[in-house]
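Each chain, written out:
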Amino acid sequence: MANELEVNKIEEKVLDFWEKHKVFEKSVERRKGRPPFIFYEGPPTANGRPGIHHFLGRALKDLFGRYKTMRGFYVERKSGWDTHGLPVEIEVEKSLGLKSKKEVEEYGIAKFNEEAKKSVWKYKDEWEKFTKRIGFWIDLKHPYITYDPQYIESVWWVIGRIWKKGLLFKGHKVVPFCTRCGTPLSSHEVAQGYKPVSEPAIYVKFALKVGQKIKDESTPEKTFVMAWTTTPWTLPGNVALAVGEKIKYVLVHHQGENLILAKDRLEILPPGGEVLREFSGKDLVGLEYEP
């Protein structure tokens, strides 16, 4: 079987071939005049890096575009950039140190908008490299951009058409409202019956395998690493524990057992424990516990 390095080389060779011979562009061009299958990329916001969830979504989008092309449809795949909305505004507020709508207004709406326009292109190169590397066939050279006047005017044109058909009306509606930024909140976030609830949290002891050392010093028998969770039903599937590299941990002798936990969390133990040692999280990396 091919190893990962060999697979990468094969993939990169195919990608280079596609780009050199403009395979994607030709697959679209050859079907001009055929029945169209309309596809517009749900645009990402470029002021955030692409993640694994973007890979999954784009793989599915690519599947439909390729399938319809193979079925003989003319499938223009136009990319886009979402340059509006809360993610952009919050990113700019953080970078400028602004904490309220009043502070944004004092800074200046026009200046704030200019900073937002710069912010949305922060990771453009990473997005384009990511798009090409996963083999997502889409037109990156002629994207639609939501802050572009031509795009904005096209949206108003659509609204105008809806108005002329008599499908718009003026009304009143009560909506959740953010007092900090002065805007309505998304119904998807707050209007689906959410309410504060109390959930149980537990501390679990993971038994260290015998004979291991922390900073060249053996751990005593009956040594356990303590971990906190609100989802104990996932414990059978756990494969590792996480520690903070720079967090201070302690080994505590307590009620006949030796417990490892963060120094700042000693308060969770009943009184009477004796601190035997202190070390950093990096000293725990590599230790093994019993499943």
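Residues numbered from 1 in each chain as written. Predicted model: local features only at pLDDT ≥ 70, side-chain atom pairs only at ≥ 80, totals over all residues. Heavy atoms only, no water.

Side note on a positive patch on the surface
Item 1. A contiguous patch of positive charge on the surface is contributed by Lys22, Lys26, Arg30, Lys132 and Lys141.
Item 2. With respect to the helices, strands and loops of the structure, Lys22 is situated in the loop between α1 (4-20) and α2 (23-29).
Item 3. For Lys22, a relative accessible area of 43% translates into the label partly exposed. (Patch = residues over 30% accessible without salt bridge, like charges linked within 9 Å, V, L, I, M, F, W, Y side chains within 5 Å. Areas by Shrake-Rupley, 256 points an atom, 1.4 Å probe, with all protein chains shown as cover. Salt bridge = Lys/Arg side-chain N within 4 Å of Asp/Glu carboxyl O. Lys, Arg positive; Asp, Glu negative; His and termini not counted. Charge placed at Lys NZ, Arg CZ, Asp CG, Glu CD. Helix = DSSP H or I, 4+ residues; strand = E, 2+ residues; numbered from the N terminus. Buried < 20%, exposed > 50% of the residue type's maximum accessible area, 1.4 Å probe, protein only.)

Re the sheet that holds strand β9 (residues 223-229)
Item 1. Strand order in the open sheet formed by 5 strands is β6-β9-β11-β10-β12, with mixed pairing between adjacent strands. The open sheet has two edge strands with one neighbour each: β6 (202-207) and β12 (274-280). With direction set aside, neighbouring strand axes in the sheet form an average angle of 30 degrees.
Item 2. Examined bridge by bridge, β6 and β9 share 6 bridges and lie antiparallel to one another. Within β9, the position partnered with Tyr203 by the bridge is Trp228. (Pairing = 2+ DSSP bridges. Axes fitted to C-alpha atoms, helices over the stretch in contact; angles between N-to-C directions.)

With respect to the nonpolar core
Item 1. One finds Phe206, Leu208, Ile214, Tyr249, Ile260, Phe279 and Leu284 to be the most contacted residues of the largest nonpolar core, which totals 13 residues.
Item 2. Mapped onto this core, the elements with two or more residues apiece are β6, β9, β10 (248-254) and β11 (257-262).
Item 3. Residues contacting Tyr249, with those up to four places away along its chain left out, are Val243, Gly244, Ile260, Leu261, Ala262, Lys263, Arg277, Glu278, Phe279, Ser280, Gly281 and Leu284. (Core = buried A, V, L, I, M, F, W, Y, C linked by side-chain atoms within 4.5 Å. Contact = heavy atoms within 4.5 Å.)

Some details on the packing of helix α3 (residues 52-70) against helix α7 (residues 124-133)
Item 1. At a minimum axis distance of 11 Å, the contact between α3 and α7 shows a crossing angle of 50 degrees. In terms of axis orientation, α3 runs oblique to α7. Here α3 runs over α7; the crossing is right-handed. In contact with His54, Phe55 and Arg58 of α3, α7 contributes Trp127, Phe130 and Thr131.
Item 2. Among the residues making up the contact of α3 with α7, the classes are represented as 3 nonpolar, 2 polar and 1 charged. (Parallel < 35°, antiparallel > 145°, perpendicular 65-115°, else oblique. Left-handed = near helix turned anticlockwise from the far one by under 90°. Nonpolar A, V, L, I, M, F, W, Y, C, P; charged D, E, K, R; others polar.)

So, to be careful, I would describe these as geometric facts and stop short of saying anything about function.
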